[in-house]
Amino acid sequence: MNEAIKPAEQRPEHPDFWCKRFGEGTTPWDAGKVPAAFAEFIARQPAPLNTLIPGCGSAWEASHLAELGWPVTALDFSPVAIEKAREVLGNATTIETTAGPRVDLVCADFFTFTPGQRLDLIYERAFLCALPRKLWADWGRRVAELLPAGGRLAGFFFLCEQPKGPPFGILPEQLAELLNSNFEPIEDTAVTESIPVFAGRERWQVWQRR
């Protein structure tokens, strides 16, 4: 069947695809906890960073940041995912700081969403690999647009040749092509606690906006 006429629930670029999976509880990408590499990275930071988590899903990491008092926007375009995140976050979406809610839980499309304040960090976990390849260049442009000089893109990257997905694998040189013109890689380490769907094929990386 031609992709252009596939129903929305069969196209990962459409919210219905993810609503169906969250609704059925078919979420093999959800670790159900905060990844150790992420927690270690956060613990190293001398001060809270205003953080965006695109494709937040169940929002475990947003909950962790909220507990530490970090300002965070948890973003997903699937209303069902947002409801799951709301369960995980509990009252974190209602705790007010001087800048607004500690967790701003937003149902919106990453490619058109505009944050209300300057970002310091975009966290990547199972978002890029959820995007069909035709959207990769748009993703690269958007993360560059959203982060000022010195801002960081940090997270887990699914680095392999896997054209069928999601998850869609990206080769290291393809990722570099998306980011090198605007970012400098500053961390790249193996991940030892991957969940089965990513095992042996993801790395923790941090890229700094030039």
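Just so you know, these numbers come straight off a predicted model, no measurement behind them.

Before we go on, may I ask you to explain the packing of helix 2 (residues 36-44) against helix 3 (residues 60-67) in this structure?
For any two helices packed against each other, the geometry is given by the interaxial angle and the distance between the axes. Remark: helix 2 packs on helix 3, axes separated minimally by 11 Å, with the N-to-C direction vectors making an angle of 25°. When the axes of helix 2 and helix 3 are compared, the pair comes out roughly parallel. Judged by the twist between their axes, the crossing of helix 2 over helix 3 is right-handed. For the pair helix 2 and helix 3, the contacting residues are F38, A39 and I42 in the first and E61, H64 and L65 in the second. For the contact of helix 2 with helix 3, a count of residues per class yields four nonpolar, one polar and one charged.

Explain the packing of helix 1 (residues 15-24) against helix 4 (residues 79-89) to me, please; I cannot follow it from the model alone.
For the pair helix 1 and helix 4, interaxial distance at closest approach is 7 Å and the crossing angle is 40°. Of the possible angle classes, the one that applies to helix 1 and helix 4 is oblique. Residues C19, F22 and G23 of helix 1 form the contact with helix 4, whose own contacting residues are P79, V80, A81 and K84. When its residues are assigned to classes, the contact of helix 1 with helix 4 shows five nonpolar, one polar and one charged.

Before we go on, may I ask you to explain the nonpolar core in this structure?
Formed by 27 residues in total, the largest nonpolar core has its most connected members in W139, L153, L175 and L179. Elements supplying a minimum of two residues to this core: helix 5 (136-146), strand 7 (152-158) and helix 6 (172-179). Every residue in contact with L175, bar those within four places of it in the chain, is listed here: L128, W139, F157, L159, I170, Q205 and W207. Counting residues in hydrophobic clusters, the runner-up holds 26 residues, among them L65, A66, F156 and V206.

Hey, could you run me through unusual backbone geometry in this one?
Peptide bonds are trans in most cases, and residues, glycine excluded, mostly fall at negative phi. Residue P166 is bonded to the preceding G165 through a cis peptide linkage, with omega at 5°. Tracing the sequence through the fold places P166 in the loop between strand 7 and helix 6. Non-glycine residue A59 carries a positive phi angle of around 70°. Inspection of the secondary structure assignment puts A59 in the loop between strand 1 (51-54) and helix 3. For A126, which is not glycine, the phi dihedral falls at a positive 60°.

What's the story with helix 6 in this structure? I'm lost.
Side chains of residues three or four places apart in an α-helix project in the same direction, reflecting 3.6 residues per turn. Buried within helix 6 we find L175, A176, L178 and L179. Along the axis of helix 6, the buried positions cluster into a sector of 160°, meaning they face one direction only. Residues of helix 6 that are exposed and angled more than 90 degrees away from the buried face: E173 and E177. Of the surrounding secondary structure, the elements contacted by the buried residues of helix 6 are helix 5, strand 7, strand 8 (183-190) and strand 9 (202-209).

What exactly am I supposed to notice about helix 2 here?
Residues F38, F41 and I42 constitute the buried set of helix 2. Considered in projection along helix 2, the buried side chains sweep an arc of 100° and stay on one side of the axis. Packing partners of the buried residues in helix 2 comprise helix 3, strand 6 (121-124), strand 7, strand 8 and strand 9.

Parameters at a glance
- Residues numbered from 1 in each chain as written.
- Predicted model: local features only at pLDDT ≥ 70, side-chain atom pairs only at ≥ 80, totals over all residues.
- Heavy atoms only, no water.
- Axes fitted to C-alpha atoms, helices over the stretch in contact; angles between N-to-C directions.
- Helix = DSSP H or I, 4+ residues; strand = E, 2+ residues; numbered from the N terminus.
- Parallel < 35°, antiparallel > 145°, perpendicular 65-115°, else oblique.
- Left-handed = near helix turned anticlockwise from the far one by under 90°.
- Contact = heavy atoms within 4.5 Å.
- Nonpolar A, V, L, I, M, F, W, Y, C, P; charged D, E, K, R; others polar.
- Core = buried A, V, L, I, M, F, W, Y, C linked by side-chain atoms within 4.5 Å.
- Buried < 20%, exposed > 50% of the residue type's maximum accessible area, 1.4 Å probe, protein only.
- Arc of directions from axis to C-beta.

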